[in-house]
Number of protein chains: 2
Amino acid sequence: MKQVSIKDVARAAQVTHATVSRALRNSPLVNAVTAERIRQIAATMGYRPDLIARGLVTRKTWAIGAVVTNIADPFIAEVISGVEELAMDNGYSVFLANCNADPDRELRVVRLFQERRLDGIVVVSSRVGALYMPLLSQHKVPIVLINSHHPDEFVHSVMIDNIGGSAAAVQHLIQLGHRRIAYLGDQYGLQSDTDRFGGYRQALAMADYPFVPELVAHGNAKSDGAGPAIDRFLKLEKPPTAVFCYNDLTAVGAFRKIYSHGLRIPEDFSIVGFDDLSIASYTEPPLTTVRQPKQLMGRMAVEILCKLLSGSQEKTQIRLPGELIIRGSTSSPRCQ
Amino acid sequence: MKQVSIKDVARAAQVTHATVSRALRNSPLVNAVTAERIRQIAATMGYRPDLIARGLVTRKTWAIGAVVTNIADPFIAEVISGVEELAMDNGYSVFLANCNADPDRELRVVRLFQERRLDGIVVVSSRVGALYMPLLSQHKVPIVLINSHHPDEFVHSVMIDNIGGSAAAVQHLIQLGHRRIAYLGDQYGLQSDTDRFGGYRQALAMADYPFVPELVAHGNAKSDGAGPAIDRFLKLEKPPTAVFCYNDLTAVGAFRKIYSHGLRIPEDFSIVGFDDLSIASYTEPPLTTVRQPKQLMGRMAVEILCKLLSGSQEKTQIRLPGELIIRGSTSSPRCQ
DNA sequence: CTGAAAGCGCTTACAG
DNA sequence: CTGAAAGCGCTTACAG
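Everything numeric here is computed off the predicted structure, so don't read it as measured data.

Draft legend 1. Fine view of the sheet that holds strand β7 (residues 216–218) of chain A. All names here are of chain A. Taking strand neighbours across the sheet as the criterion, the six strands line up as β7-β6-β8-β9-β10-β12 in an open arrangement whose pairing is mixed. Each of the sheet's edge strands pairs with one partner strand only, and the pair in question is β7 and β12 (323–325). This sheet shows a mean twist of 20° between the axes of neighbouring strands, independent of strand direction. Pairing of strand β9 (residues 270–275) with strand β10 (residues 288–291) involves four bridges; the strand directions are parallel. From the neighbouring strand, V272 faces β10, where its bridge partner is T288. Across the sheet, helix α9 (residues 191–206) lies against β6 (181–185), β8 (242–245) and β9, angled at about 175° from β6, the strand it touches most.

Listed below in structure tokens is the structure:
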């Protein structure tokens, strides 16, 4: 069945389609009574404006793109839920594009979004922001980066305060009395890893603790990358009594390995994560971690986008604090 | 900077924009040499076709909608990653709409998708499929339901075999030697809960086990809903030695409660879940559960959609088997 | 307040 | 093989 168009309504209402358009958009340029009559008729006929057609003339699609590496990543899914929520509240629909860190796919997405004439773009956890530069420079499509690389090359970004968050985590361990605190990071040169490592060192320095290179290991930001690192830590002459992990998934992997060594958490070994995924509440004991306000980050990115889309020129680079959530995986070390 | 349009290219190539259109679409109706020349020029000028304009005339948007209750739900996020992947591979972009089981929002989405002239819609885990009926009947927009209520009212659906999956789970417990097996379900009348309960009863019946009403409790499909149910089970004169849970989150809640009673898993108590979220691998011990092929389900839905969009009239209702994944949370009961 | 006209950027019969 | 024309469903100056 064909959609009823504005002309069908016009015919039924015995006016021009221009008048129908005005009536439906509540233009003051049309007589209140006829306007109401037209609206009635349109409603009865089940008329729905064609946003495609409208977009063609208004040059506005009311659509934004969300580019992510992997929507199945729980961190990203939470961010996107924030993005979607605020976007919808502001009248925007969101196109979701998974890129899996595949450059081909990412390039295709950039082109596609350009061809679809999206009003704006949000990029989550990207390492290849440079790909979006053409869009930004040639077509001045507003782009807001969330927790992505090189935010400074872009004008608008929302970032977690990695340094501050990890410093707080390590300070927490220091206050509990731990002297040998390990850092279990990533290995792919992520800026977030570098920064969290930076926060770790900063906290040590502030407490006048020595930095011990052997207490630093590199996982893969996933659960299965933690094992070898923990093994190595425990074989040290003076093993650490606590580890601060790059993220929650790494921490979960650390849990398993610690248990497999017959140690208890937190009595024998304290663990701190980063992100506060929902899984952090489910470990046994629940994980002490640094919470990233994931939904909020998504919402803020859209808020920035909306401001830009309504003409703001403001340059917005937001750095949000992480919140240390103290749960059961940390305590004072047993016997020093 | 204004986008370069087909007319700009035409001017530069000294042909009409119709010819440019043909050349760019590789129409045989244009001289190979000029076609190539035009393509060159278009490329140099950085021309990108306007999909909005094209869509207006072709009546095809190459966009599909994905309606979900909550993208932050890990189950849904996985399904969507499958949807997005296959959609993109077939040239479709996907609009994501979160509805949070909010009817207002859901109604808005239906209207919006109609106005955006989407080519098709995928609905995940919806309870209110009825809302989409107008779209389906009036505008014959293809709709494929994934794990949603009342799939039979719709022509196309992808469902997990809840009955078979849960029967397999319970059979597994029976084979391990458990005699008193509890079912910890949901309480909101979800069809999936009814079906999983059905599979539970079916497995008991096949083993000639009695059905014991006191071994059935109702959680809330989330982690925090399991506690009271487990408490009640353990207070029974003859408590169960194993519990089959409606889903993994419920199972995780059961874990915590079992541990808080000082019992061991699986030595003292076996637990089985349903879904196989990534969290199922992270519990201690890892959770035995029924895997839903989440990504596959998403991909299959899009595959159906694509067939429909290329003219197929076939009615497709797929029921996928779940796979029992045996991990560490189940074993034979200690002492009967 | 309303209509007639132009136009958004494309595609596609229809002539030639 | 190419152009001229019509049209997709809208919006919006421009007249009246």
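That shown, we press on.
Draft legend 2. Seen up close, the sheet that holds strand β9 (residues 270–275) of chain B. Residues and elements named next belong to chain B. Taken in spatial order, the six strands make up an open sheet running β7-β6-β8-β9-β10-β12, and their pairing is mixed. This sheet does not close on itself; its edge strands, each paired only once, are β7 (216–218) and β12 (323–325). Taken over all neighbouring pairs, the strand axes of this sheet differ in orientation by 20° on average, direction set aside. With respect to the sheet, helix α10 (residues 227–235) is in contact with β6 (181–185), β7 and β8 (242–245), its orientation differing from that of β7 by roughly 155°.

Draft legend 3. Region of the structure containing the protein's contact with DNA strand D. Residue and element names in this part refer to chain A. What surrounds DNA strand D is a group of 25 residues, the closest being I6, A18, S21, D50 and A53. With five residues, helix α4 (residues 51–58) is the single largest residue contributor to the surface near DNA strand D. Of the residues contributing to the surface near DNA strand D, the split by class is 13 nonpolar, eight polar and four charged.

Draft legend 4. Molecular detail of the relation of the copies chain B and chain A. For the pair chain B and chain A, the relating rotation is 180°, the translation along its axis is 0.0 Å, and the fit reaches an RMSD of 0.0 Å. This pairing of chains is accounted for by a two-fold axis. Closest approach to the rotation axis within chain B is made by the C-alpha atom of F95 of chain B, at a distance of 2.2 Å.

Draft legend 5. A look at the protein's contact with DNA strand C. Close contacts around DNA strand C come from 25 residues, with I6, A18, S21, D50 and A53 of chain B the closest. Those elements giving two or more residues to the surface near DNA strand C turn out to be α2 (17–24), α3 (32–45) and α4 of chain A together with α2 (17–24) and α4 (51–58) of chain B. It is α4 of chain B that provides the largest number of residues to the surface near DNA strand C, a total of five residues.

Draft legend 6. Here's a closer look at the packing of α2 of chain B against helix α3 (residues 32–45) of chain B. All names here are of chain B. Here α2 crosses α3 at 95°, and the two axes come no closer than 9 Å. By the angle between their axes, α2 is roughly perpendicular relative to α3. Residues V20, A23 and L24 of α2 form the contact with α3, whose own contacting residues are T34, A35, I38, R39 and A42. A breakdown of the residues in the contact of α2 with α3 according to their chemical character gives six nonpolar, one polar and one charged.

Thresholds applied
- Residues numbered from 1 in each chain as written.
- Chains lettered and ligands numbered in written order.
- Predicted model: local features only at pLDDT ≥ 70, side-chain atom pairs only at ≥ 80, totals over all residues.
- Pairing = 2+ DSSP bridges.
- Helix = DSSP H or I, 4+ residues; strand = E, 2+ residues; numbered from the N terminus.
- Axes fitted to C-alpha atoms, helices over the stretch in contact; angles between N-to-C directions.
- Contact = placed C-beta atoms within 7 Å.
- Near = placed C-beta within 6 Å.
- Nonpolar A, V, L, I, M, F, W, Y, C, P; charged D, E, K, R; others polar.
- Least-squares fit on C-alpha atoms with pLDDT ≥ 70 in both.
- Parallel < 35°, antiparallel > 145°, perpendicular 65-115°, else oblique.

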